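Residue-level listing of the chains:
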Amino acid sequence: MAIINKLLIKAPREVSGREAQSRFGYQVNFAALLIIQLLEENRNFVALLEYLDDIVILDNVENPEQITFYQVKTNISTEITLTTMISENYIKYMNENVKDFDDENVSSVFVSNTSFKFNTKNARDNKDITFKNYDLLMPFDTFINTSEKKDDLVKVIKNSLENEIDLSKYYIYRTSLPLEQDDVFIKGKLMNYLSSINSKLDIPAINAMYNEFNKKLNDLSKNLYTPIIRIKDELFTSKGFKKEDFNIIKSKVYNYMIPVDPNKIYDFSINILKYKPLDSNVSKFNTRYNKFSVNAIQYHGIHSTIIDVIKSINIDDVDDEKLVEHIIDKCDSDISICNFEFYKSYKDLIVLVFIYKGVEWWI
């Protein structure tokens, strides 16, 4: 049976939703970290949040051939021990997911912010093994094989379960995501990624994109999805984050991102568009433009709506010198935007920036 069919018929271990989200903000940020890494690698993926496990990664939207479960636990100072992983049923939960997808390319990863220590419960010879490396995926069997007590460790794990298991499908992972200010850490990672794909992104735009990204992930983790009959598209919409979702966020931010040099907008408007209302005073234009830049970020939802309306206008046959007035006239007649104070205050600047970006920028 294909991975997606198993995914749709498997019942979640527990109902995930708003209450779980209030306790597991760290898991959402770890999901963000995984997604940024997948984006950096230009991978096709679906990340499911709070469905079957804290995070589930599929390697393809249409026909996934690999599924990876992530169980994320945090600790303030002490190590994660094998005894704890067994007594708290962490390995049991990992095993349940792997068992249900056992004939597929499946793996289960236990994630922690602290190091791992494996030993047998009654060991007295201090020959436990520890794993302290950050951001290194370590298979259980590879880690256990470094111990002189590897047979005992395997026996302890298998005795805690009801079935034979392939330990090569189970992993431990110590993440570098800090317990404190993990949101700041994610914002920095996102900034590095965004800067690598578009050097023109400014700080307000990056902040806006982070806010959109974070809100999307939090909404997905809060959503309840437990229908009797599950449909892939509904599941992915309710609980999944895909590469195309990030592209939608990116496109929205690009729409309301403002060029940082108002003098270039002014010169472009005067010399190319011959927009007469700007002839009088460049310093007044700069002051008003700076206020517009702040408001465009603050009211980015409205701004994005306005840009969508402008994009729907056919302006190919309009002369440059009449372009600004033509677009403003069309927008003024659109009831969906003409009553917004943001539009009323900055309609000419919104149009000028839109035209400038289309001609001179990256759009």
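The structure displayed is predicted, hence computed values, not measured ones. (Residues numbered from 1 in each chain as written. Predicted model: local features only at pLDDT ≥ 70, side-chain atom pairs only at ≥ 80, totals over all residues. Heavy atoms only, no water.)

A. Broad picture of the side chain of Thr175. If you trace the backbone, Thr175 turns up in the loop between strand 9 (170-174) and helix 8 (182-197). Relative accessible area serves as the criterion here: at 1%, Thr175 is assigned to the buried category. Among the polar contacts listed, one links the side chain of Thr175 to the backbone nitrogen of Leu177, at a separation of 3.0 Å. (Helix = DSSP H or I, 4+ residues; strand = E, 2+ residues; numbered from the N terminus. Buried < 20%, exposed > 50% of the residue type's maximum accessible area, 1.4 Å probe, protein only. Polar contact = N/O pair within 3.5 Å; in protein donor to acceptor, adjacent residues only side chain to side chain.)

B. Representation of the sheet that holds strand 10 (residues 240-242) within the structure. Here we have seven strands laid out as an open sheet, ordered 8-9-5-3-2-1-10, and mixed in their pairing. Of all strands in the sheet, those bounded by a partner on one side alone are strand 8 (138-139) and strand 10. Pairing between strand 3 (residues 66-73) and strand 5 (residues 105-112): eight bridges, direction parallel. Paired with Thr68 across the two strands is Ser107, which belongs to strand 5. Here helix 5 (residues 90-100) sits on the sheet and contacts strand 2 (53-58), strand 3, strand 5 and strand 9; the angle it forms with strand 5, its principal contact strand, is near 160°. Those strands touched by helix 9 (residues 203-222) are strand 1 (46-51) and strand 10, and its axis lies near 150° from that of strand 10. (Pairing = 2+ DSSP bridges. Contact = heavy atoms within 4.5 Å. Axes fitted to C-alpha atoms, helices over the stretch in contact; angles between N-to-C directions.)

C. Looking closely at the packing of helix 3 (residues 25-40) against helix 8. Taken N-terminus to C-terminus, the directions of helix 3 and helix 8 make an angle of 15°; their axes are 10 Å apart at the nearest point. Here helix 8 runs roughly parallel to helix 3, going by the angle between their axes. When the axes of helix 3 and helix 8 are compared, the crossing they make is left-handed. Contacts from Gly25, Tyr26, Asn29, Ala32, Leu33, Ile36, Leu39 and Glu40 of helix 3 reach helix 8 at Asp182, Asp183, Phe185, Ile186, Lys189, Leu190 and Tyr193. (Parallel < 35°, antiparallel > 145°, perpendicular 65-115°, else oblique. Left-handed = near helix turned anticlockwise from the far one by under 90°.)

D. Quick peek at helix 13 (residues 282-298). The end-to-end C-alpha separation of helix 13 is 24 Å, in line with the 24 Å expected for 17 residues at 1.5 Å each. Residues Phe285, Asn286, Tyr289, Phe292, Ser293, Asn295 and Ala296 constitute the buried set of helix 13. (Expected span 1.5 Å × (residues − 1).)

E. Up close: the pattern of salt bridges. Under the defined criterion, the tally for this structure stands at 11 salt bridges. A salt bridge links Glu41 to Arg43; the shortest N-O distance between them is 2.6 Å. We classify Glu41 as partly exposed; its relative accessible area is 47%. Between Asp219 and Lys215 there is a salt bridge, with the nearest N and O atoms lying 2.9 Å from each other. Here Lys215 and Asp219 lie together in helix 9, a separation of four residues that amounts to about one turn. In this structure Asp219 comes out as partly exposed when scored by relative accessible area, which is 30%. Through salt bridges with shared partners, one network takes in Lys6, Asp103 and Glu104. (Salt bridge = Lys/Arg side-chain N within 4 Å of Asp/Glu carboxyl O.)

F. Representation of the environment of Ser196 in the model. Looking at where Ser196 falls in the secondary structure, it is placed in helix 8. Counting along the chain gives 156 residues from Ser196 to Glu40, while the straight-line C-alpha distance between them is 9.2 Å.

G. Geometry of the nonpolar core. Counting 43 residues, the largest nonpolar core has Phe30, Phe213, Leu217, Phe241 and Phe246 as its most contacted members. It is helix 3 that provides the largest number of residues to this core, a total of 11 residues. Setting aside its immediate chain neighbours within four residues, Phe246 contacts Leu39, Leu190, Tyr193, Leu194, Met209, Phe213 and Phe241. By size, the runner-up hydrophobic cluster in this structure holds 41 residues, among which are Leu58, Ile91, Phe140 and Leu167. (Core = buried A, V, L, I, M, F, W, Y, C linked by side-chain atoms within 4.5 Å.)

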